[in-house]
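In case you want the letters, here they are:
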Amino acid sequence: MEHLPVDVVGNIMSNISSARDVVLASATCRKWREAFHKHLRVLSFRSSDWHGFHDLPTCQIEILITRTIFQTTGLRSLILVVDDFDELSASVVMSWLLYTRGSLRELHYDVRTDPPLNVAEILGREKLERLILANSVIGNVLPGYLRFTSLRSLSLSYVHISELDLDLLLIACINLESLELVELDLAGHLANLKVRAPNLRRFSMEDLCLDKLLLESDNIECLYLRDCNLEYLKVIAKESLRKITIDNVIVPCLEICDSVVNLETIDIRNFMIPQPEFYQLISRSSKLRTLRLWDVAYGEGTDAIDLEKIAVCCPQLSHLSLGCDLKENELLPYHFQGSSFFENVVYLKVGWSNVLKDEFLDLVEALLERCPGLKKLAVDGVISGLKYHENCQVLARFSTSIARIMRKYIDLNVQFEFGN
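Residues numbered from 1 in each chain as written. Predicted model: local features only at pLDDT ≥ 70, side-chain atom pairs only at ≥ 80, totals over all residues. Heavy atoms only, no water.

Under the annotation held in an unreviewed UniProt entry, the protein chain carries the name F-box domain-containing protein and is attributed to Trapa incisa.

Written out as structure tokens, the structure is:
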């Protein structure tokens, strides 16, 4: 180790996850102290990494972090995650940001201060490339002044911000490639959100209620929505969309079909999509490789989804997952009408919620017959409340049939996962 150049030692120390361990390592020798002062590029303060952190008074913690940061020069990545601690002094935390902002490329900030700091204002017009903000405040965004010309990735979680400031902030991030919005503390009701970023590739949103979301980008590849309530969603993209993930979302009006020509993955869970819109989505996704439909509803009074249409429209499909939210007196949401095959499907996952029915096994057997190249079958079901003899009999018949299937398809890898 004594023959290593000091800058290499600095790179080694930059890969140590905890600031506490970095400080201990810097005490090894003079070369390591010099590497800490001049060549350290990454510094991480997480309250969970410090044993006894919560036993220290607030002023002592502020002193420790201040001394550590002010001994470095040229930090490129700073992680400050002490959200589970008492409020720190705003002036002290601001000094950390002002000292490092000239060289920072990445900041993960989750600190409660009194009063709250407007981190975006402090770091505006700097060379930041990645910003993760949580439990913070953004306000008084001045158009034309606040510019994040280098910012590629932005994540806002539990941030207090108004509709106007959010709109102006997104306009200021002219080269944004990744945007994540999680449970924003909105000042007033956010009626409409327009995201126009020509370079945006990934958009993620969780725990938000909106009237209208308009997402426009020529390069958007990944759309992720979870636990959201939207009245209207429209995606405008030049056939760049590759992956859609929707989990527990309400959106009566969905317009994305014009952007799905090159779509490769559809992952939908706990969602209601009208049958005509679903067929339209599938019919335009000829390059689809992965399709996951878990506890999806297609509207009351509609016929079951014809898997034949999926097989015809998606010839490159290799991974197929179908989960049925089965209830009493309801028919299975999927069936076959034609004779087409899933020629390229190698992985099949099937499952049910609530109630197991005999028809479910019929669906499994039909799928196995239509997947000649299948290598793995995963069965994921809910087994609970077997108080009635009829339910026990259905489970017994299901177990017997699965055993018969395993004997018939001896090269098939079968995996079971049951919950209650």
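This is not the end of the story, as more comes after the structure.
1. Topic: the sheet that holds strand β17 (residues 253-255)
A sheet is described by the order of its strands in space; here four strands give the open sequence β11-β13-β15-β17, paired in parallel fashion. Each edge of the open sheet is held by one strand with a lone partner, namely β11 (192-196) and β17. Averaged over neighbouring strand pairs, the angle between their axes works out to 10° when direction is ignored. Pairing analysis gives five bridges linking β11 to strand β13 (residues 209-216), with the strands arranged parallel. The partner of Leu193 across the bridge, within β13, is Leu213. (Pairing = 2+ DSSP bridges. Helix = DSSP H or I, 4+ residues; strand = E, 2+ residues; numbered from the N terminus. Axes fitted to C-alpha atoms, helices over the stretch in contact; angles between N-to-C directions.)

2. Describing the pattern of salt bridges
Once their charged atoms are close, side chains differing in charge can pair, the charge on each being opposite to the other. On inspection of all chains with the given rule, the structure shows 14 salt bridges. Between Arg201 and Glu221 there is a salt bridge; the shortest N-O distance is 2.9 Å. Placement of Arg201 in the loop between β11 and β12 (202-206) and of Glu221 in the loop between β13 and β14 (222-226) is noted, with a sequence separation of 20 residues between them. For Arg201, a relative accessible area of 36% puts it in the partly exposed group. You can call Glu221 partly exposed: its relative accessible area is 32%. Here Asp267 and Arg292 are joined by a salt bridge, their closest N and O atoms 3.0 Å apart. Of the two residues, Asp267 is situated in strand β18 (residues 265-272) and Arg292 in strand β19 (residues 290-297); the sequence distance between them amounts to 25 residues. The exposure class assigned to Arg292 is partly exposed, which follows from its relative accessible area of 22%. Overlapping salt bridges, with partners in common, bring together Arg226, Asp227 and Asp247 in one network. (Salt bridge = Lys/Arg side-chain N within 4 Å of Asp/Glu carboxyl O. Buried < 20%, exposed > 50% of the residue type's maximum accessible area, 1.4 Å probe, protein only.)

3. Observations concerning a nonpolar patch on the surface
On the surface, a cluster of nonpolar side chains totalling about 270 Å² of accessible area is made up of Met406, Phe416 and Phe418. Residue placement: Met406 occurs in helix α11 (residues 389-408). (Patch = residues over 30% accessible without salt bridge, like charges linked within 9 Å, V, L, I, M, F, W, Y side chains within 5 Å. Areas by Shrake-Rupley, 256 points an atom, 1.4 Å probe, with all protein chains shown as cover.)

4. Observations regarding the UniProt feature "domain: F-box" (unreviewed entry) in the protein chain
Mapped onto this numbering, the UniProt entry gives "domain: F-box" (unreviewed entry) at residues 4-46. Structurally, residues 4-46 comprises 60% helix and 12% strand, and the distance from its first C-alpha atom to its last is 29 Å. (UniProt positions renumbered as here; feature names shortened; annotations may be inferred.)

5. Regarding the environment of Arg41
Looking at where Arg41 falls in the secondary structure, it is placed in the loop between α3 (30-38) and β1 (42-46). A residue is classified by how much of its surface remains accessible, and Arg41, at 27% relative accessible area, is partly exposed. C-alpha of Arg41 to C-alpha of Ile383: the two residues are 342 residues apart in sequence and 52 Å apart in space. For Arg41, the contacting residues outside a window of four places in its chain are Ser14, Thr73, Gly74, Leu75, Arg76 and Ser77. From its side chain, Arg41 meets the backbone oxygen of Thr73 in a polar contact 3.5 Å long. (Contact = heavy atoms within 4.5 Å. Polar contact = N/O pair within 3.5 Å; in protein donor to acceptor, adjacent residues only side chain to side chain.)

6. Observations regarding the packing of aromatic side chains
Applying the stated criterion across every chain yields a total of six aromatic pairs. Ring centres of Phe278 and Tyr298 lie 5.3 Å apart, and the angle between their planes is 65°; on these two criteria the pair is classed as edge-to-face. Taken as a pair, Phe278 in helix α8 (residues 275-283) and Tyr298 in the loop between β19 and β20 (305-306) lie far apart in primary sequence, 20 residues in all. Of the two residues, Phe278 and Tyr298, both sit in the buried class. (Phe/Tyr/Trp six-rings, centres within 6.5 Å; stacked < 30°, edge-to-face > 60°.)

7. Notes on the side chain of Asp165
Topologically, Asp165 is positioned in helix α7 (residues 163-172). Sequence-distant contacts of Asp165, defined by excluding residues within four places in its chain, comprise Ile138, Gly139, Asn140 and Val141.

8. So, unusual backbone geometry
Cis geometry marks the peptide bond from Asp114 to Pro115; its omega dihedral reads -5°. Inspection of the secondary structure puts Pro115 in the loop between β5 (113-114) and α6 (119-123). Within the chain, Asn140 stands out as a residue other than glycine whose phi angle is a positive 55°. For Asn140, the position within the fold is in the loop between β6 (130-134) and β7 (153-157). Judged by its relative accessible area of 68%, Asn140 falls in the exposed class.

9. Some points on helix α10 (residues 358-370)
Taking 1.5 Å of rise per residue, 13 residues should cover 18 Å, and α10 covers 19 Å from first to last C-alpha, within 8% of that figure. Turning to α10, its buried residues number three or more, namely Phe360, Leu361, Leu363, Val364, Leu367, Leu368 and Arg370. (Expected span 1.5 Å × (residues − 1).)

10. A closer look at the pairing of strand β15 (residues 229-236)
For β13 and β15, the ladder comprises seven bridges, and the chain directions are parallel. Along β15, the bridge assignment pairs Glu216 with Ile236. Pairing between β15 and β17: three bridges, direction parallel. Paired with Tyr232 across the strands is Cys253, a residue of β17.

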